[in-house]
Amino acid sequence: MSNLEVGIVGLPNVGKSTLFNAITKAGAEAANYPFCTIEPNVGVVDVPDARLQVLHEMYNSKKTTPAAVRFVDIAGLVKGASKGEGLGNQFLEHIRQVDAIAHVVRCFVDPDITHVEGSIDPIRDIEIITTELCLADLDVVEKRVMKLERIVKSGSKEARAEDELLRRIKEALEQAKPARQLNLGEDELALLGDTNLLTLKPVLYVANVAEDEVATAETDNAYVQKVKAYAATEGAEVVAISAKVESEIAELDAEEAREFLAEIGETESGLNRLIKAAFTLLGLLTFLTAGPDECRAWTIVKGTTAPKAAGKIHSDIERGFIRAEIVNYDDLVAAGSTTAAREKGKVRLEGKDYVMQDGDVTYFRFNV
């Protein structure tokens with residue numbers, strides 16, 4: 001995985017583009033009418049990690065590079081999007097490549113902002129978008145089943161296995177059930193190859209609440225409670241944020257932002273919580289490299305071995321991997337330097353089977 005990529009979806013006027021503008025400061029057009037966002041807007045935002053600044057000062061590095069998340073803002077979908085309603089088809093293709101979907105749901109009342117369905121009902125809204133994603137996937141699955149027909153007749157075992165799996169998925173999609181609810185195993189996912197089904201992607205629900213509800217939304221907002229109950233049935237994460245508050249924070253410097261968050265009873269921005277939830281959802285962690293030239297954070301999937309992590313930096317390092325020299329971040333900071341950590345026996349040499357841990361400060365030894 002290079003940068004984590006998250007597609008932002010939702011009905012028109014739920015606060016999707018306002019949120020996108022805030023988190024990327026990219027200025028995607030946010031207007032109070034459907035289809036103002038036709039091409040997807042892409043914004044890259046740094047993953048907050050206080051450890052990098054500490055390492056930067058420790059090594060007096062010339063450069064510091066945080067991990068990043070790419071947010072892809074898809075135009076507001078409506079009923080019929082999968083059939084091209086409101087240019088829906090084009091929009092849906094834009095998110096086939098993302099790692100996860102952030103589904104923005106309106107959980108605030110504002111008579112000045114029209115709702116495309118005429119009332120506030122987050123569960124109905126979620127189901128409209130889910131149905132459209134299921135219909136878009138159904139189209140992909142049906143075409144694939146037709147292509148497989150001749151190969152299945154020729155007696156190919158692999159084709160038959162794929163065909164049976166696709167028919168199971170088709171049945172679920174016809175009932176507007178996302179493919180991820182089938183809890184497919186690794187072998188089954190491998191059979192699907194590069195079909196990139198939208199409904200297989202993990203989903204994070206972003207409950208967009210009113211400005212004055214940010215601190216209490218998780219417990220007091222009835223709409224948020226409904227979204228949480230719905231998400232629990234499919235093991236999804238929910239983050240309650242105010243797109244309006246996020247857009248205000250985006251205009252402030254770091255110190256002003258901290259003061260503003262304290263005033264509204266929050267310790268971190270909604271964006272930070274959204275990124276953390278995406279990392280949890282996808283089972284990601286961060287390892288670090290540090291030295292006088294650069295301190296850098298690298299995003300990997302939990303369970304990644306040392307050589308594979310080395311490959312994130314350069315394929316040559318993975319190919320010529322000898323050993324990983326690793327010190328836990330907390331141990332390094334407590335010791336004060338790599339030399340002191342080594343003297344205390346905190347620096348370990350790990351081989352090819354070592355599974356990387358969050359906060360491993362790593363130096364890879366290799367020979368090509």
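Residues numbered from 1 in each chain as written. Predicted model: local features only at pLDDT ≥ 70, side-chain atom pairs only at ≥ 80, totals over all residues. Heavy atoms only, no water.

So, about the overall build of the protein chain. For the protein chain, the helix and strand inventory stands at 15 helices and 12 strands. When the 368 residues of the protein chain are sorted by exposure, 48% land in the buried category. Counting contacts in the protein chain only where the partners sit at least 6 residues apart, residues at least 24 apart contribute 69% of the total. About 17,900 Å² of surface is accessible on the protein chain, with carbon and sulfur atoms providing 49% of the total. (Helix = DSSP H or I, 4+ residues; strand = E, 2+ residues; numbered from the N terminus. Buried < 20%, exposed > 50% of the residue type's maximum accessible area, 1.4 Å probe, protein only. Contact = heavy atoms within 4.5 Å. Areas by Shrake-Rupley, 256 points an atom, 1.4 Å probe, with all protein chains shown as cover.)

Moving on, we come to the nonpolar core. If you look at the biggest cluster of nonpolar residues, it comprises 70 residues, and the most contacted ones within it are Leu4, Leu55, Val69, Phe71, Ile95, Tyr205 and Ile275. At seven residues, helix α11 (residues 270-282) tops the list of elements feeding residues into this core. Beyond its immediate chain neighbours, meaning those up to four positions away, isoleucine 275 contacts Val45, Asp46, Val47, Pro48, Val69 and Phe71. (Core = buried A, V, L, I, M, F, W, Y, C linked by side-chain atoms within 4.5 Å.)

A few words now on the packing of helix α4 (residues 122-153) against helix α8 (residues 222-233). Across the interface, α4 lies against α8 with an axial gap of 9 Å and an inter-helix angle of 45°. By the criterion of interaxial angle, the relationship of α4 to α8 is oblique. Residues Pro122, Ile123, Ile126, Glu127 and Thr130 of α4 form the contact with α8, whose own contacting residues are Tyr223, Lys226, Val227 and Tyr230. (Axes fitted to C-alpha atoms, helices over the stretch in contact; angles between N-to-C directions. Parallel < 35°, antiparallel > 145°, perpendicular 65-115°, else oblique.)

Where α4 meets helix α5 (residues 157-174), the closest approach of the two axes is 9 Å, and the angle between their N-to-C directions is 155°. In terms of their interaxial angle, α4 and α5 are classed as roughly antiparallel. Our pair here, α4 against α5, has a crossing hand that is left-handed. Mapping the contact onto sequence places Cys134, Asp137, Leu138, Val141, Glu142, Arg144, Val145, Leu148, Ile151 and Val152 in α4 and Ala159, Arg160, Glu162, Asp163, Leu166, Arg167, Ile169, Lys170, Leu173 and Glu174 in α5. Split by residue class, the contact of α4 with α5 holds 11 nonpolar, no polar and nine charged. (Left-handed = near helix turned anticlockwise from the far one by under 90°. Nonpolar A, V, L, I, M, F, W, Y, C, P; charged D, E, K, R; others polar.)

Okay, the sheet that holds strand β2 (residues 41-46) next. Here six strands make up an open sheet; going across it, the order is β2-β4-β1-β5-β6-β7 and the pairing mixed. The sheet terminates laterally at β2 and β7 (237-241), the two strands that pair on one side only. Across this sheet, the average inter-strand angle for adjacent strands is 25°, counted without regard to direction. Bridging between β2 and strand β4 (residues 68-73) involves six bridges; their strand directions are antiparallel. In the sheet register, valine 44 faces β4, and the bridge partner there is arginine 70. Its contacts with the sheet put α11 on β1 (4-9), β2, β4, β5 (100-106), β6 (203-208) and β7, and the angle it makes with β7 is roughly 175°. (Pairing = 2+ DSSP bridges.)

Attention now moves to the packing of aromatic side chains. For any pair of aromatic rings, the description rests on two quantities: the centre-to-centre distance and the angle between the ring planes. For the coordinates displayed, the defined rule picks out four aromatic pairs. Here phenylalanine 287 and tryptophan 298 contribute two aromatic rings whose centre-to-centre distance is 6.3 Å and whose plane-to-plane angle is 15°, an arrangement assigned as stacked. Of this pair, phenylalanine 287 sits in strand β8 (residues 284-289) while tryptophan 298 sits in strand β9 (residues 294-301), placing them 11 residues apart in sequence. Judged by relative accessible area, tryptophan 298 falls into the buried class, the value being 10%. A connected cluster of aromatic rings, assembled from ring pairs, spans Phe287, Trp298, Phe321 and Phe364. (Phe/Tyr/Trp six-rings, centres within 6.5 Å; stacked < 30°, edge-to-face > 60°.)

With that out of the way, let us pick up unusual backbone geometry. Its identity is not glycine, yet asparagine 13 carries a phi of approximately 65°, on the positive side. Here asparagine 13 falls in the buried class, since its relative accessible area comes to 15%. At alanine 176, a residue that is not glycine, the phi angle is positive and equals roughly 60°.

So, about the pattern of salt bridges. Enumeration according to the criterion identifies 25 salt bridges in this entry. Between aspartate 49 and arginine 51 there is a salt bridge whose closest N-O contact spans 2.9 Å. By relative accessible area, which is 17% here, arginine 51 ends up buried. The structure contains a network of salt bridges with shared partners spanning Asp49, Arg51 and Asp358. (Salt bridge = Lys/Arg side-chain N within 4 Å of Asp/Glu carboxyl O.)

The next subject is α8. End to end, α8 covers 17 Å across 12 residues, agreeing with the expected 16 Å (1.5 Å per residue, within 8%). Taken as a whole, α8 has its buried residues at Val224, Val227, Tyr230 and Ala231. Looking straight down α8, one finds that the buried residues subtend no more than 125° of arc, so they occupy a single side. Residues of α8 that are exposed and point more than 90 degrees away from the buried face comprise Ala222, Ala232 and Thr233. Looking at the packing, one finds that the buried side of α8 touches β5, α4, β6, α7 (217-220) and β7. If you check the start of α8, you find a side-chain oxygen 2.8 Å away from the backbone N of tyrosine 223, and it comes from asparagine 221. (Expected span 1.5 Å × (residues − 1). Arc of directions from axis to C-beta. Polar contact = N/O pair within 3.5 Å; in protein donor to acceptor, adjacent residues only side chain to side chain.)

Moving on, we come to α5. The first and last C-alpha atoms of α5 sit 26 Å apart over 18 residues, in line with the 26 Å expected at 1.5 Å per residue. Within the sequence span of α5, burial applies to Ala159, Glu162, Asp163, Leu165, Leu166, Ile169, Ala172 and Leu173. Contacts from the buried residues of α5 go to α4 and α6 (186-191). Immediately downstream of α5, the backbone of alanine 176 shows phi near 60°, a positive value.

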